[in-house]
Protein chains: 2
Amino acid sequence: MKIIVQKFGGTSVADAPKIRNAARRVIKAVENGYGVVVVASARGKQTDQLVADALELNPNPPKREMDQLLSTGEQQTVSLFAMALEAMGYDAISFTGGQIRMMTDSSHTKARIQSIGAERIHKQLDKGKIVIVAGFQGIDKDENITTLGRGGSDTTAVALAAAIGAEECEIYTDVDGIHTSDPRIFKEAAKIDEISYDEMLELAHFGAGVMHPRAVEFGKKYDVKIHVRSSINESNGTIITHEVPQMEGVTVSGATVQKDMAKISLVGIDNTPGNAAKVFAHLSKAKVVVNDIIQTEISPEKANLSFMINLSDLDAAKEAAEQIKDEVNCDSIFVRDDIAEVSVVGIGMRTHYGVAEKMFGALAEAKVNIDSITTSEIRISCAVDEDQAEMALKVVCTAFELGKPAEHRRKS
Amino acid sequence: MKIIVQKFGGTSVADAPKIRNAARRVIKAVENGYGVVVVASARGKQTDQLVADALELNPNPPKREMDQLLSTGEQQTVSLFAMALEAMGYDAISFTGGQIRMMTDSSHTKARIQSIGAERIHKQLDKGKIVIVAGFQGIDKDENITTLGRGGSDTTAVALAAAIGAEECEIYTDVDGIHTSDPRIFKEAAKIDEISYDEMLELAHFGAGVMHPRAVEFGKKYDVKIHVRSSINESNGTIITHEVPQMEGVTVSGATVQKDMAKISLVGIDNTPGNAAKVFAHLSKAKVVVNDIIQTEISPEKANLSFMINLSDLDAAKEAAEQIKDEVNCDSIFVRDDIAEVSVVGIGMRTHYGVAEKMFGALAEAKVNIDSITTSEIRISCAVDEDQAEMALKVVCTAFELGKPAEHRRKS
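The shown structure was predicted, so the numbers you read here are calculated from the model rather than taken from an experiment. For every chain, the first residue of the written sequence is number 1, and numbering continues from 1 onward in sequence order. Naming scheme: in the order in which they are written, chains are lettered from A and ligands are numbered from 1. Two thresholds apply to this predicted model, a pLDDT of at least 70 for residue-level local features and 80 or more for giving and counting side-chain atom pairs, whereas whole-chain, interface and lining totals are computed over all residues.

A. View of the packing of helix α10 (residues 355-365) of chain A against helix α11 (residues 389-399) of chain A. Residue and element names in this part refer to chain A. Where α10 contacts α11, the two axes come as close as 9 Å, and the packing angle between them is 130°. In terms of their interaxial angle, α10 and α11 are classed as oblique. The interaxial crossing formed by α10 with α11 has right-handed handedness. When α10 is examined against α11, the residues Lys-358, Met-359, Ala-362 and Leu-363 are found in contact with a partner set consisting of Ala-392, Val-395, Val-396 and Ala-399. Here, axes are lines fitted to C-alpha atoms. For helices the fit covers the stretch in contact, and angles between N-to-C directions go from 0 to 180 degrees. A run of DSSP states H or I qualifies as a helix once it reaches four residues; a run of E qualifies as a strand once it reaches two. Both are numbered from the N-terminal end. Our angle categories are set so that under 35 degrees counts as roughly parallel, over 145 as roughly antiparallel, 65 to 115 as roughly perpendicular, and the remainder as oblique. Take the far helix as the reference: if the near one is turned anticlockwise from it by less than a right angle, the crossing is left-handed, and if turned clockwise, right-handed. In this description, a residue-residue contact is defined by the distance between C-beta atoms placed from the backbone, which must lie within 7 Å.

See the structure below:
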């Protein structure tokens, strides 16, 4: 039997009519001959409500108890989902993460999946049942309930699809797929039909919110075809898959903007081996997540070391920088808290020239000042003033014709 | 270490201030040197809300899924309870029924406890932790979540107290103990200091809502001292325990009224062995719960067979009676749907005379018509007209001086 995994997020199961709507998508797949495994998130704002309930009792709740609490949200959805399917005449059975042996480590609130027991699911599918699994949650070896953190239900769905050998993992959302850019900023943003895991990872890391990077990484690692599509209409969404040759024809797949960034520069540190390592080890100890690193020599003995962080980490990062300052013989520390990063992403960059030129040109023409530039093999990011960020994204999108489907863009 | 079990019902944990209030009761026991195991129910109206959510999707939800859904209510409470204790500076850990191996059969929505894993609880108590266990729920051998049905959290608490060898099981409620009668009807009803399991069982079966009979049965079977007391004040409540000699001095411990009853009479059935058995086997198949049975010979060949049921079972019972009518050669079926049952209960009845006389006399004086009478060793029940029921209870309470503490009543 061909198996498909269908994941429904919180907005797609927020109330009874939406659960019924989602159930109809499941039934359609069943009628098409698929064995269907559903992964569901907590209903609408349920998780937020539970978090508020917890904080009312304890401003700093123990993480194990947080997981025990929050995991009830998905458990409620899956049982309700199964009831809805039964009412529509289809056999269904719901499982918690623990019940299907979704084994994780014990890092509460951000656990990592270690293994999944596929047998119980296969057994139910063989009986002709639709299997509904609670996303976002697992158990550790002592049966403590764990949760996977942000994007956890996507990760559950993709990991399950890998474990049970599903043909495809459908991620249902309230948009009709991945877009070349954020439609709230660049209204004309076109839907992407197909994108590689690597491009999706860069887009996700740089602010495209639809899929969580961890889920995409799982898909890449276990070769799971992911289909991001609308829970409202039936049109095809975006397939995330392994790189295929025709993808290279598309120079730039998408553009993103990541706001609320800050930049810290250690000016004039000793340019000796190991100094950068010292700085980042120290930041890591302070639990600061570093996004981008830029180091440039300013003399044979001295260098400037800059890094981008989320604004929310700024205080911790400043403190850590002050602590390490003398050890690396830093002249001064320079902080910017009004930074945003505009990025373009595309596998095609590897073989096409002129992407950087076109991006910088568009920004220059719009009089956007570029603070700093970082690149990967398939990405170029420019740090710009926060208040120019949306305008900068728009001019970049226009320059790369991201309002048109890929096949209609001018070849560069 | 001396261990105590404290059970908090839904109203005692309805919101954050109430959970904190309950946590303070726990802390007091800890400070008194007890190892404390808390059993908690779902918060306030949470279960009702979940039932409504289910019925919106499926008017006849599968029971397994109902259990999967409803068990989240207690799971939320216990994690929040643990968070509250942590915030107050005490180590606590919460467990679902499954996590402490509360093993039950697979009768979803009314499962029976088979065994409890005490080790995990002892281990945590030995570490100095307060252990919070979700009431009302367990798992079957395939790790399906089950629930224990009405009064399930009381049963969990008493069963746990037995399994871990607790000194006492405290049941916290919004009243300050068991009363001689329902204070909503007989305002002067006195609190009972001590009552035997058997008396409590009779009272519970006949409408006294504070403790569920199953929990009392567990207490009797495993010799668990149960203390029903107020979550609002600190005064002693009612101890439910094994019969002690001084209890016999109290003729009548309490009086109850059970409303919404119906009576079905099979008039003139053949008085041959096995006919009554046939009738009740048939009713049982129709899932009708029979409360009281009255059979009287009306001739050497014929008898009248009557039984009391809850009004909600009336249609099913009438249908079942019609089906069996010819088989037992019944002349006619007579139904009353306006019946209530007033009962007095007391171990003292075994050795004291005149209880029946006093009860019937009080009812006669108040011009209450008695439809039928049933008795057990420690109970007398009179079926009366529903609209005379409350008045009947009041006159019976007055006759037995149930407004006074037991030691202040006239000796009969």
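B. Representation of the relation of the copies chain B and chain A in the model. Structural alignment of chain B on chain A gives an RMSD of 0.2 Å, achieved by rotating through 180° and translating 0.1 Å along the axis. Viewed as a symmetry operation, the transformation between the two copies matches a two-fold axis. Closest to the rotation axis within chain B is the C-alpha of B:Thr72, separated from it by 2.7 Å. When you check the interface residues of chain B against chain A, 100% turn up at the interface there too, and the contact is symmetric in its surfaces. Least squares is the method used to superpose the copies, on C-alpha atoms of residues holding a pLDDT of at least 70 in both.

C. Representation of helix α5 (residues 152-164) of chain A in the model. All names here are of chain A. Multiplying 1.5 Å by the residue count of a helix minus one yields the expected span of that helix. For α5, built from 13 residues, the straight-helix expectation of 18 Å at 1.5 Å per residue is met to within 8% by its first-to-last C-alpha distance of 18 Å. Most of α5 sits inside the fold, with twelve of its 13 residues counted as buried. Whether a residue is buried, exposed or partly exposed is read from the other C-beta atoms within 10 Å of its own C-beta, which are placed from the backbone; 20 or more gives buried, 12 or fewer gives exposed, and intermediate counts give partly exposed. Those residues of α5 not exposed but buried are Gly-152, Ser-153, Asp-154, Thr-155, Thr-156, Ala-157, Val-158, Ala-159, Leu-160, Ala-161, Ala-162 and Ala-163. Gly-165 lies just past α5 and shows a positive phi near 70°.

D. Geometry of the environment of B:Pro245. All names here are of chain B. Following the sequence through the fold, Pro-245 ends up in the loop between β12 (238-241) and β13 (254-270). A tally of 6 C-beta atoms within 10 Å means that Pro-245 is categorised as exposed. Sequence separation between Pro-245 and Gly-348 is 103 residues; the distance between their C-alpha atoms is 10.0 Å.

E. Broad picture of the sheet that holds β12(B). Residue and element names in this part refer to chain B. We call two strands paired when DSSP finds no fewer than two bridges between them. With mixed pairing, the eight strands of this open sheet are ordered in space as β3-β6-β2-β1-β9-β11-β12-β10. Strands with a single pairing partner mark the edges of an open sheet, and in this sheet they are β3 (92-95) and β10 (194-196). Between one strand axis and the next, the sheet turns through 20° on average, direction left out of account. Pairing geometry for β3 and strand β6 (residues 130-134), over four bridges, is parallel. Note on β6: the bridge partner recorded for Ser-94 is Ile-132. Packed onto the sheet, helix α1 (residues 16-31) meets β1 (3-8), β2 (35-40), β6 and β9 (168-173) and runs at close to 170° relative to β1.

F. Spatial organisation of the packing of helix α5 (residues 152-164) of chain B against helix α7 (residues 213-222) of chain B. All names here are of chain B. Put simply, α5 and α7 touch, their axes get as near as 8 Å, and they point 10° apart. Here α5 lies roughly parallel to α7, going by the angle between them. Contacts between α5 and α7 involve Asp-154, Thr-155, Val-158, Ala-159 and Ala-162 on the former and, on the latter, Arg-214, Ala-215, Phe-218, Gly-219 and Tyr-222. Nonpolar residues are Ala, Val, Leu, Ile, Met, Phe, Trp, Tyr, Cys and Pro. Charged residues are Asp, Glu, Lys and Arg, and all others, Gly as well, are polar. When grouped by side-chain class, the residues that make up the contact of α5 with α7 number six nonpolar, two polar and two charged.

G. Seen up close, the confidence of the model for chain A. Per-residue confidence from the predictor is reported as pLDDT, which spans 0 to 100. Summing up the model confidence of chain A, the mean pLDDT is 92 and the portion of residues at 70 or higher is 99%. Predicted complex metrics record ipTM = 0.83 and pTM = 0.84.

H. Inspection of the environment of B:Glu74 at higher detail. With respect to the secondary-structure elements, B:Glu74 resides in helix α3 (residues 63-87). If we skip the residues at most four places from it in the chain, B:Glu74 touches B:Ala40, B:Ser41, B:Ala42, B:Ala134, B:Gly135, B:Phe136 and B:Gln137.

I. Just the pairing of strand β2 (residues 35-40) of chain A, in detail. All names here are of chain A. The element β2 is extensively covered by neighbouring structure, given that six of its six residues are classed as buried. Alternating residues of β2 divide into Gly-35, Val-37 and Val-39 and Val-36, Val-38 and Ala-40, and every residue in both groups is buried. Bridge analysis of strand β1 (residues 3-8) against β2 gives six bridges, and the strand direction is parallel. Counted as the bridge partner of Val-5 is Val-37 from β2. For the segment spanning β1, helix α1 (residues 16-31) and β2, crossover handedness is right-handed. Judged from the four bridges that link them, β2 and strand β6 (residues 130-134) form a sheet pairing that is parallel. Bridge pairing links Ala-40 to Ala-134 in β6. When the strands point away from the viewer and the connection leading from the first strand across the helix to the second strand turns clockwise, the crossover is called right-handed.

J. Looking closely at helix α4 (residues 119-126) of chain A. All names here are of chain A. What α4 keeps buried is the set Ile-121, Gln-124 and Leu-125. With its buried residues spanning 100° around the axis, α4 presents them on a single face. Of the residues in α4, the exposed ones pointing more than 90 degrees away from the buried face are Glu-119, Lys-123 and Asp-126. Those residues of α4 that are buried lie in contact with β1, β2, β3 (92-95), β6 and α5. Immediately downstream of α4, the backbone of Gly-128 shows phi near 85°, a positive value. Regarding the arc, it is the one traced by the directions from the helix axis to the C-beta atoms.

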